[in-house]
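# Architecture and fold: a report
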Amino acid sequence: MARSLIVKVTAGSDAPERCAQAFTVAATAVAAGAQVSLWLTGEASWFALPDRAATFELPHSAPLPDLLDAVLAAGTVTLCTQCAVRRGITEKDLIPGVRIAGAALFVEECLTDNAQALVY
């Protein structure tokens, strides 16, 4: 059975290197054939909205929209329920393919056999 990778990104433009690392690892894992679940929490929550990833800038980093598109194409992207509520984000606001879910699903994914979770 293939391993799955769960990447939780808690940083956005407030900590750009940490944010970019999380998206880069998730997209690289997708390219390697892993089952990937990317969780957007904290300030990374804003990247669940259309065109927000395009505002992210970090020199010498792959464009965030490209990394997000790669994960959306072959993995799952989830916005934290509480983070969405705190920011006034609803399902209708999201990029197509992004879902909203809470801690119970995050824990379920992390406790699955052959799963590896990383938090950035």
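The sections below set out a description of the structure shown in this document. (Residues numbered from 1 in each chain as written. Predicted model: local features only at pLDDT ≥ 70, side-chain atom pairs only at ≥ 80, totals over all residues. Heavy atoms only, no water.)

With that settled, the discussion passes to the pattern of salt bridges. Two side chains of opposite charge can pair, provided their charged atoms sit close to one another. This structure, assessed with the given rule, holds 3 salt bridges. Arg 87 is the partner of Glu 43 in a salt bridge, and the nearest nitrogen-oxygen pair spans 3.2 Å. In this pair, Glu 43 sits in the loop between strand S2 (35-40) and helix H2 (64-74) while Arg 87 sits in helix H3 (residues 81-87), placing the two residues 44 residues apart along the sequence. A salt bridge links Lys 92 to Asp 93, with the nearest nitrogen and oxygen atoms 3.5 Å apart. Owing to a relative accessible area of 73%, Lys 92 belongs among the exposed residues under this scheme. What makes Asp 93 partly exposed here is its relative accessible area of 25%. (Salt bridge = Lys/Arg side-chain N within 4 Å of Asp/Glu carboxyl O. Helix = DSSP H or I, 4+ residues; strand = E, 2+ residues; numbered from the N terminus. Buried < 20%, exposed > 50% of the residue type's maximum accessible area, 1.4 Å probe, protein only.)

Its location among the elements puts Thr 78 in strand S3 (residues 76-80). Within the structure, the side chain of Thr 78 is placed 2.6 Å from the side chain of Arg 99, a separation counted as a polar contact. With sequence-adjacent residues up to four places away left out, Thr 78 is seen in contact with Leu 38, Trp 39, Leu 40, Arg 99, Ile 100 and Ala 101. (Polar contact = N/O pair within 3.5 Å; in protein donor to acceptor, adjacent residues only side chain to side chain. Contact = heavy atoms within 4.5 Å.)

Within S2, 5 of the 6 residues are buried, leaving the element largely enclosed by the surrounding structure. Of the pairings in the sheet, the one linking strand S1 (residues 4-9) to S2 comprises 6 bridges and is parallel in character. The residue bridging Lys 8 from the neighbouring strand is Trp 39, located in S2. When S2 meets S3, the two strands line up parallel, connected through 4 bridges. Paired with Leu 40 across the strands is Leu 79, a residue of S3. Handedness of the crossover joining S2 and S3 through H2: right-handed. (Pairing = 2+ DSSP bridges. Right-handed = clockwise from strand over helix to strand, strands pointing away.)

With respect to the helices and strands, Leu 118 occurs in strand S5 (residues 115-119). Judged by its relative accessible area of 28%, Leu 118 is partly exposed. Between the alpha carbons of Leu 118 and Leu 38 there is a distance of 9.7 Å; along the sequence they are 80 residues apart. Look past the residues within four positions of Leu 118 in its chain and what remains in contact with it is Leu 5, Ile 6, Val 7, Lys 8 and Val 25.

Bringing the nonpolar core into the picture now. Grouped burial of nonpolar side chains is what soluble globular proteins tend to show. Ranked by internal contacts, the top residues of the largest apolar core, which has 34 residues, are Phe 23, Leu 38 and Leu 40. If you list the elements that add at least two residues to this core, you get S1, helix H1 (16-31), S2, H2 and S3. The element that contributes the greatest number of residues to this core is H1, accounting for 8 residues. Residues contacting Leu 40, with those up to four places away along its chain left out, are Val 9, Phe 23, Ser 45, Phe 47, Ala 48, Val 77, Thr 78, Leu 79 and Cys 80. One finds Ile 6, Trp 39, Ala 101 and Phe 106 within the second-largest nonpolar core, a separate group that totals 5 residues. (Core = buried A, V, L, I, M, F, W, Y, C linked by side-chain atoms within 4.5 Å.)

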